[in-house]
Amino acid sequence: MRKDSDKLGYRLARGSSIAALAAGLWLAVPAAAQTVAETEATADEEILVTGSRIARAGFDQPTPTTVIGEDELRLGARPNIQQVLNDLPQIRPTTTPTVSNGNTSTGTAPVDMRGLGSNRTLVLLDGRRFVGEGNLNFIPTNLVERVEVVTGGASAAWGSGAVAGVVNILLDKDYDGLSIGGNVGVSSRGDGFRYGFDAKFGTGFADGRGHFIIGGEYVKDSGVINRSTRPNLNSPDFIPSGTGSELVRDVNFGNVTLGGLITSGVLAGQTFNADGTLRAFGRGTSVGAGAFPLRMVGGADGINLYDTIPVSSPFERLSTYARLSYEVGDATFWVDGSYARSLSNAPFFGDYTVGGALGLPYLTIQANNPYLSTAVRDRLAAAGETSFTFGRYFNDILQLQFRGERVSKEGAIGVDGTFGNGFRYKAWYSHGEVESEQSMGNSRLVRQFSNAINAVSSGGQIVCAINADANPANDDPACRPLNPFGALNASPEARDYVTGAQQSFGTTKLDSVGAEVQGDLFSLWAGPVTVAIGAEARWEEQISSRDDFTIANASNFGILVFSTPTSGGFNVKEAFGEVLFPLLKLENAVEIDLSGAARYSDYSTSGGIWTWKAGGTARLFGDLLLRATRSRDIRSPGIGELFALRAINIGPLNDQDRAGRAAANPAYNPQPSTVTTFTGGNPNLVPEVSYTTAIGATYSPSFLRGFSASVDYYKIKIDGAVTALNGSNLTLLCSRGVTSACDSITRDATGTVTQVAATQQNIASFETSGLDMEASYVVNLSNVSAGLPGSLRIRALATYVDKLVFDTGVTRVETAGDVGDSVLRATPKWRGTLSATYEDDNVGFDIRARYVDGGNFDRTRTTLINNKIASRTYVDLGARFKIDDRFMLFGNVNNVFDRDPPLITVNSTLYDVVGRYFTVGARVDF
């Protein structure tokens, strides 16, 4: 176990966001085994956080910095660090097991601050980049000491990607002892079973000069597969209603069934039973005209595209980490390594690209198909029909199964030390790789399926028609006829013939090296001038590909599933500096500090670029802190955006830049039919540039020890954001004078478009602004009334989003206040949490309320009747019982009142779709 003296080594300071203070107080309240007297001593200590490169008290940072401590990590019994962070109001839970179902991002766990995209939030491990930053499944939670969240632009301090903010995950490198724990969880509906184990060991050696830690964590989550067990998830969709539309439940295909629906001829309206016999189609209420409209509401034979998509995708993860350090004089040399693996294996969509779903072509079945019963063949013959059209959703034969495995391996070496009069330095090098292997099992092979579906009788046996043909050139000896009628009637041999596993492979590599020095240069009238200078470099590389079988036999649907193959890389060399300048200090009256930072980055792809930050703090009478910052931040393009394989499409284009062209040349054609369009990566991309303004105040009254409150305003504007537009939209932007769009278009002598580079472009922008608020209070109950044991901690966090705009130049979309699941970047105006914890020597209790504001489902749907979604408040409970100094039992209930999600189309980024969830576990420390 960790020594109490080590815990007292962190000090809680005045200053930065109330989040930092609150988290510090939470860390300051010790585990149940400690006494109230120790709690009081700890509460006076100071936690140093790293909201900037200069290590100063977190509560004195000009940029708001939230600290999540060891006690907060347990709230909600979350299965990984990402889902702990997702409970913060500033972070949008964009990719989780309940969101990424039916998506190849299943199994990843990135962080998306402010809803600006996970690629605009920089994630660090112990202050340095690591190869798995986009997947926090790779981090063992039991080794995390705290997480520092800088909620503002910080590229000058930390580099590219820190546009929305920085998440710095700090491991407990000084842990001493042995800890073993385990837990199990299940939903109140009996599904979603999850279990996990973790262990860690740490010890000193060589009279305390050396230290070794090792730890790991394993979690397996079965997910929630059956959507029908959850309210408001049974296939809602939009249907016409009067002069508008309405989101209603149980909207299904109206022209396909699971067994197969005959849609033409004398047997039209008959569907196949599981055994291949016929019965009348169990219709619902038709949506649209025609005998077999694409959609219907209800119906005994109703099936929807999303019915097979899990509520929560299953996943499995293993994460390990080890570190060895040794002191030599004033220097500590260290080496660490990690190995992690995440795996998701979940049902995907059925192959809807065959069988008539969504208006795609029906299958044509010959009337002499031997898998039809004699009675059916006789009726068709009597009507003189030689074939019929057939609609079916093949969720048995062609139910896709996605398997994604990602393995991370990383190692690093470094040194930390001091010299001179308090100067500190550090240097490091790391190398990491993530290998991914994705497969889409049960994928339809186009040619083979067409062969197998056309069966005939030959020599008393059912065979593929191509093998009964007199022309041997048509033969395929491997073909096995497929019975498409009813459920699960296709033979195993036929299924093997018509399906295969598409595969995609990828390797991402990161080499990173850096060094920095910081210390006090000299002292002025108000205090020492502190500087930090350093240099960093990194090399990134990514290669992804599809296997030969997939390339040769890709199904129509599978091509849409895997990302575009990529091959490329870049390097960047950087130098940075930061200064803290105390301007004024009048004891117990006014303290003013100014700070600034700058970084120069030289990219191999785009050249050099500067980032900077300027800010200051003013403390008034010890209780009130005012702060402000202005920064220029960047995000360099990702390897996929730069080097994704280009694809070529030839087809028509509607030229929207027509002004004067026809008059200038009568041969001009505004709608050419043979335009060559290139899509994919663009190696000429340059970094996105962002400007961030943050202004705030914190109040910690001296007359109410343990209480603090803060409010911070933020405004972020990103220009040159990377996105891709189609050719027609590029011509529209060109007509509006956007030079980069015009540069992407090639015209012939008549002015007619002949070629378009519809690749990734620096053409879009983001704008967001709002308020972050927080208040906290910690008190030892003995100070309230003598004899009362334990302590009480109360903490509230809230974020108000005034604006979140994404502008491509063609469209400008505001999503702050939109909360529907079909809205990209849907963000409620308000999110917040309120928690309270009681702790004494033997027991601890937590209660937390999580608030998610309601709003419009989608403001652009102006005629949607039920376009309002009500807010949701979720209540979580937790308890811990110390059996002795070593053994603890704990339990947790999330969403105690089983609050239903709103009516949504597929899943929800914002609202709980799993429902009430129980977790129990135990831990023993030696």
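Parameters and conventions
- Residues numbered from 1 in each chain as written.
- Predicted model: local features only at pLDDT ≥ 70, side-chain atom pairs only at ≥ 80, totals over all residues.
- Heavy atoms only, no water.
- Helix = DSSP H or I, 4+ residues; strand = E, 2+ residues; numbered from the N terminus.
- Rg over C-alpha atoms; globule rule 2.2 N^0.38 Å.
- Buried < 20%, exposed > 50% of the residue type's maximum accessible area, 1.4 Å probe, protein only.
- Contact = heavy atoms within 4.5 Å.
- Areas by Shrake-Rupley, 256 points an atom, 1.4 Å probe, with all protein chains shown as cover.
- Lys, Arg positive; Asp, Glu negative; His and termini not counted.
- Charge placed at Lys NZ, Arg CZ, Asp CG, Glu CD.
- Pairing = 2+ DSSP bridges.
- Axes fitted to C-alpha atoms, helices over the stretch in contact; angles between N-to-C directions.
- Salt bridge = Lys/Arg side-chain N within 4 Å of Asp/Glu carboxyl O.
- Core = buried A, V, L, I, M, F, W, Y, C linked by side-chain atoms within 4.5 Å.

*Asks:* Would you take a moment to explain the overall build of the protein chain for this structure?
*Replies:* In terms of regular secondary structure, the protein chain is built from 15 helices and 47 strands. Taken over C-alpha atoms, the radius of gyration comes to 31 Å for the protein chain, in line with the 29 Å a tight globule of 926 residues would show. In the protein chain, buried positions account for 56% of the 926 residues. In the protein chain, the proportion of contacts linking residues at least 24 apart, taken out of those at least 6 apart, comes to 71%. Surface summary for the protein chain: the accessible area is close to 35800 Å², and the carbon and sulfur share equals 57%. For the protein chain, the separation between the mean place of its 81 positive charges and that of its 95 negative charges on side chains is 4 Å.

*Asks:* Which parts of the structure should I look at to understand the sheet that holds strand E32 (residues 647-651)?
*Replies:* Note: strands within a sheet are paired through backbone hydrogen bonds, in either parallel or antiparallel orientation. Ordered in space as E32-E33-E37-E36, the four strands form an open sheet in which the pairing is mixed. Looking at which strands have only one partner, the edges of the open sheet turn out to be E32 and strand E36 (745-747). Averaged over all pairs of adjacent strands, the angle between strand axes in this sheet comes to 15 degrees, irrespective of strand direction. Pairing analysis gives three bridges linking strand E33 (residues 675-679) to strand E37 (residues 753-757), with the strands arranged parallel. Looking across to E37, one finds that Thr676 is bridged to Gln755.

*Asks:* Where do I start with the pattern of salt bridges in this structure?
*Replies:* Two side chains that carry opposite charge are able to pair once their charged atoms sit near each other. Going through the model one piece at a time under the given rule, you end up with 47 salt bridges. Of the charged contacts, one joins Asp198 and Arg923 as a salt bridge, the two residues approaching to 2.8 Å between their closest N and O atoms. Taken together, the residues span a long stretch of sequence, with Asp198 in strand E8 (residues 194-205) and Arg923 in strand E47 (residues 917-925) at a distance of 725 residues. Of the residues examined, Asp198 reaches a relative accessible area of 8% and is grouped as buried. One network of salt bridges, in which partners are shared, links Arg74, Arg793, Glu839, Asp846 and Arg880.

*Asks:* Can you walk me through the nonpolar core in this structure?
*Replies:* Soluble globular proteins tend to pack their nonpolar side chains together in the buried interior. Formed by 39 residues in total, the largest nonpolar core has its most connected members in Leu85, Leu136, Val147, Val167 and Ile169. When contributions to this core are tallied by element, the ones reaching two or more residues are helix H5 (81-85), strand E4 (121-125), strand E5 (144-150), strand E6 (165-171), strand E35 (707-724), strand E38 (760-780) and strand E39 (791-807). Residue contacts for Leu85: discarding those within four places in its chain leaves Ile68, Ile91, Val111, Leu136, Val147, Val149 and Val167. In this structure, Phe449, Ala452, Tyr497 and Val498 belong to the second largest nonpolar core, which totals 27 residues.

Function cannot be read off these values alone, since they describe shape.
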